[in-house]
Amino acid sequence: MLRTLRCSAAALGLGLVLAAGAPATAAPHGGKKTDPNGRFTAEEIHHFLEGFYGNHGPRPWERENLVSDQLKERIAQTPDYDLLLCAQNEPRDIEVGEVTTAQSARVGWATITTYWGQGSPSSFTAYVDLDATRPIELLDVDCATPEG
């Protein structure tokens, strides 16, 4: 029995390591959500945004698979500007703020703060659809500095 427990613990540890390196995604269709109304929670959105933005911005996989088609169209119109970061360069660090959800509008958002070496940090707002019947994705980005 001790050997079984060690193997299970080792498998669990490997599973946690693999999960930590996986891109942020929502539970598959039909997966149990904490919101009984079929909406992503603020915690799930925060986790998604942290995984999406990482420390230096979204990687090509996130840009291709976790962004709405409408936002991809807007991105295509700004080839010299990274609309997902509201910048032209890669930030030194990124922080995801508290998530707000508007149940009636079925959208959640958070302030994303980017840090740029010696310069002042910049902030923008990222929006996510709350509909948990579909995979979670970034819906929109507002580069205007959030009121704070």
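Placed above this text is the structure.
Summarised in this report is the structure supplied together with it. (Residues numbered from 1 in each chain as written. Predicted model: local features only at pLDDT ≥ 70, side-chain atom pairs only at ≥ 80, totals over all residues. Heavy atoms only, no water.)

**Focus on helix α2 (residues 42–53)**
Helix length check: α2 (twelve residues) gives 16 Å between terminal C-alpha atoms against 16 Å at 1.5 Å per residue, within 8%. Within α2, the full set of buried residues consists of Ile45, Phe48, Leu49, Phe52 and Tyr53. End-on, the buried residues of α2 take up no more than an arc of 110°, which puts them together on one face. Counted as exposed and oriented over 90 degrees from the buried face of α2: Glu43 and His47. Among the structural elements, α3 (60–65), β1 (93–102), β2 (107–115), β3 (122–129) and β4 (138–142) are those in contact with the buried residues of α2. The positive-phi residue at the C-terminal boundary of α2 is Gly54, with phi of around 55°. (Helix = DSSP H or I, 4+ residues; strand = E, 2+ residues; numbered from the N terminus. Expected span 1.5 Å × (residues − 1). Buried < 20%, exposed > 50% of the residue type's maximum accessible area, 1.4 Å probe, protein only. Arc of directions from axis to C-beta. Contact = heavy atoms within 4.5 Å.)

**Thoughts on the packing of aromatic side chains**
A full pass over the atoms with the stated rule returns four aromatic pairs. Taking 5.0 Å as the distance between ring centres and 80° as the angle between the ring planes, the aromatic pair formed by Phe52 and Tyr53 counts as edge-to-face. The exposure classification of Phe52 matches that of Tyr53, with both residues buried. When the centroid spacing of 5.8 Å and the interplanar angle of 65° are considered together, the rings of Tyr53 and Phe124 count as edge-to-face. (Phe/Tyr/Trp six-rings, centres within 6.5 Å; stacked < 30°, edge-to-face > 60°.)

**Quick look at the nonpolar core**
Residues Ile45, Leu49, Phe52, Tyr53, Ile112, Leu138 and Val141 are the most contacted members of the largest nonpolar core, which totals 27 residues. For this core, the secondary structure elements donating two or more residues are α2, β1, β2, β3 and β4. At five residues, the largest contribution of residues to this core is made by α2. Beyond its immediate chain neighbours, meaning those up to four positions away, Leu138 contacts Phe48, Leu49, Phe52, Tyr53, Leu66, Val67, Ser68, Leu71, Leu84, Ala126, Tyr127 and Val128. (Core = buried A, V, L, I, M, F, W, Y, C linked by side-chain atoms within 4.5 Å.)

**Let's talk about the pattern of salt bridges**
Taken as a whole, this structure holds seven salt bridges when the rule is applied. A salt bridge links Asp82 to Arg63; its shortest N-O distance comes to 2.6 Å. Taken together, the positions of Asp82 in the loop between α4 (69–76) and β1 and Arg63 in helix α3 put the pair 19 residues apart, joining distant regions of the chain. Among the salt bridges present, the one from Asp131 reaches Arg106, with a minimum N-O distance of 3.8 Å. Here Asp131, found in the loop between β3 and β4, pairs with Arg106, found in the loop between β1 and β2; they are 25 residues apart in sequence, far enough to count as distant. On the accessibility criterion, Arg106 (32% relative accessible area) is partly exposed. Here the residues in one salt-bridge network are Arg106, Asp129, Asp131 and Arg134, joined through shared partners. (Salt bridge = Lys/Arg side-chain N within 4 Å of Asp/Glu carboxyl O.)

**What to know about the sheet that holds β3**
Spatially, four strands are ordered β1-β2-β3-β4 in an open sheet, and the strand pairing comes out antiparallel. Looking at which strands have only one partner, the edges of the open sheet turn out to be β1 and β4. In this sheet, neighbouring strand axes are inclined to one another by 25° on average, regardless of whether the strands run parallel or antiparallel. Judged from the eight bridges that link them, β2 and β3 form a sheet pairing that is antiparallel. Counted as the bridge partner of Val107 is Asp129 from β3. Sheet contacts for α2: β1, β2, β3 and β4; angle to β1, the most-contacted strand, approximately 155°. (Pairing = 2+ DSSP bridges. Axes fitted to C-alpha atoms, helices over the stretch in contact; angles between N-to-C directions.)

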